[in-house]
Amino acid sequence: MSVHTMILAEPGSTAEGDLDTFFRLIEVAAECGADVFKNQWLSSAERLCRQRNASEYLWSYRKLEFPLEWHEQIARRCEAAGIAYACSTYLRGDASLVAPWATLLKIASFESSDQLFITQHHDLKRPIIVSTGMASEVEIAALATCLRPGDVIMHCVSSYPTPDEEINIGAVHSLLHIWPAVGLSDHTKNSITGALAIAAGATWLERHYRLDDTDPANADYEVASSPALFKEYVRLARLAEQMVGTGMKRAMPCEEPMLKYRVRP
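Residues numbered from 1 in each chain as written. Predicted model: local features only at pLDDT ≥ 70, side-chain atom pairs only at ≥ 80, totals over all residues. Heavy atoms only, no water.

Chemist: Could you clarify how one ought to interpret the pairing of strand 5 (residues 128–131) in this entry?
Modeler: One face of the sheet, then the other: side chains in a regular strand alternate in exactly this way. Here strand 5 shows two buried faces, one formed by Ile128 and Val130 and the other by Ile129 and Ser131. The pairing of strand 4 (residues 104–107) with strand 5 spans 3 bridges and is parallel. Counted as the bridge partner of Ile107 is Val130 from strand 5. As a crossover connection, the stretch from strand 4 through helix 6 (residues 115–120) into strand 5 is right-handed. (Buried < 20%, exposed > 50% of the residue type's maximum accessible area, 1.4 Å probe, protein only. Helix = DSSP H or I, 4+ residues; strand = E, 2+ residues; numbered from the N terminus. Pairing = 2+ DSSP bridges. Right-handed = clockwise from strand over helix to strand, strands pointing away.)

Chemist: Looking at this structure, how should I read the packing of aromatic side chains?
Modeler: Note on aromatic pairs: each is described by the distance of the centres and the angle between the planes. Under the definition given, this model contains 6 aromatic pairs. Measuring from centroid to centroid gives 5.9 Å for Tyr57 and Tyr61, while their planes differ by 20°, and the two rings are stacked. The buried category is assigned to Tyr61, whose relative accessible area is 10%. An aromatic cluster of at least three residues, connected via ring pairs, comprises Phe22, Phe66 and Trp70. Here the guanidinium or amino end of Arg77 rests over the ring plane of Phe23, the centre of that ring lying 3.8 Å away. (Phe/Tyr/Trp six-rings, centres within 6.5 Å; stacked < 30°, edge-to-face > 60°. Lys NZ or Arg CZ within 6 Å of the ring centre and 35° of its normal.)

Chemist: Sorry, what's going on with helix 4 (residues 70–81) here?
Modeler: Owing to its 3.6 residues per turn, the α-helix aligns residues three or four sequence positions apart on the same side. Taking 1.5 Å of rise per residue, the 12 residues of helix 4 would be expected to cover 16 Å, and the 16 Å separating its terminal C-alpha atoms lies within 8% of that figure. Every buried residue of helix 4 is accounted for by Trp70, His71, Ile74, Ala75 and Cys78. Relative to the axis of helix 4, the buried residues are bounded by an arc of 130° and lie together on one face. The exposed residues of helix 4 that point more than 90 degrees off its buried face are Glu79 and Ala80. Two residues or fewer past helix 4, Gly82 is found with a positive phi of approximately 85°. (Expected span 1.5 Å × (residues − 1). Arc of directions from axis to C-beta.)

Chemist: What should I look at first to understand the sheet that holds strand 6 (residues 152–156) in this one?
Modeler: The pairing of strands in a sheet happens through backbone hydrogen bonds and is either parallel or antiparallel. The strand order around the closed barrel formed by 8 strands is 1-2-3-4-5-6-7-8, and the pairing between neighbours is parallel. Adjacent strand axes in the sheet meet at a mean angle of 25°, parallel and antiparallel pairs treated alike. Bridge analysis of strand 3 (residues 84–88) against strand 4 gives 3 bridges, and the strand direction is parallel. If you follow Ala86 over to strand 4, its bridge partner there is Leu104. Its contacts with the sheet place helix 10 (residues 227–244) against strand 1 (6–10), strand 7 (182–186) and strand 8 (204–208), and it is angled at close to 165° to strand 1. (Axes fitted to C-alpha atoms, helices over the stretch in contact; angles between N-to-C directions. Contact = heavy atoms within 4.5 Å.)

Chemist: Sorry, what's going on with the pattern of salt bridges here?
Modeler: Oppositely charged side chains can form a pair if their charged atoms are brought close together. For the coordinates displayed, the defined rule picks out 15 salt bridges. Residue Lys38 is joined to Glu206 by a salt bridge in which the shortest nitrogen-to-oxygen separation is 3.4 Å. Here Glu206 lies in strand 8 and Lys38 lies in strand 2 (residues 36–40), a separation of 168 residues in the sequence. The pair Lys38 / Glu206 is uniform in exposure class, with both members buried. Taking the shortest distance from any N to any O, the salt bridge between Arg235 and Glu232 comes out at 2.9 Å. Here the residue Arg235 and the residue Glu232 both occupy positions in helix 10, the gap between them amounting to 3 residues, near one helical turn. Looking at Arg235, the relative accessible area reads 44%, which means it is partly exposed. For Glu232, a relative accessible area of 29% translates into the label partly exposed. (Salt bridge = Lys/Arg side-chain N within 4 Å of Asp/Glu carboxyl O.)

Everything listed is a geometric property; what it means functionally is a separate question.
And the structure:
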């Protein structure tokens, strides 16, 4: 029996801070076959700009600064749609505010070297998923010392979008020597990337997507798949699961008619 890959649908800022748009994005994620709707939230865009020294992103971060009480409504809509709710947070203290509603918590590449930030998540008793864009294997090995069973390391290239020739999918296999649960946070525009990552050993995928009527001026528009392309992405990932199988070499049922012709010593 093949392993089921957990697929996270990531809207980025394409909801534009609008609750009804969040609801529509959840329905699309469920219809496309995703397992998780993975949101982003922060309590203060200004604080994140200071933390990352990224004042030029203030206008974009503000779209993630929606009211805290929306998490309950979003989580309930996810439950009704049959998918889990996860959320990325970036500022110390924010994860504890979101945890009552999120079944999974995510840490972005930019905060993945902050070991105190990571360990503060442990008290929340939620699995954490950590992206590792820009990090070396030495840095990821250090990160692994802060993780617990059930946590996940995501190979990631922090470029939006990521060129196909720089996605370095083989790193998924390499990271399995460091941590048993490895996935891909995928910023390419290619629908086959997730399937290739599964072939390399990924058991988690994260993919940006959007609605058909998303404003092309949105900062995440270019890296986000349309609903049709996201559905194809999920289809190819599920096909890859079947084709990878168990990984155990054995005679397959379809070979049975040929066994009688096999030369025996």
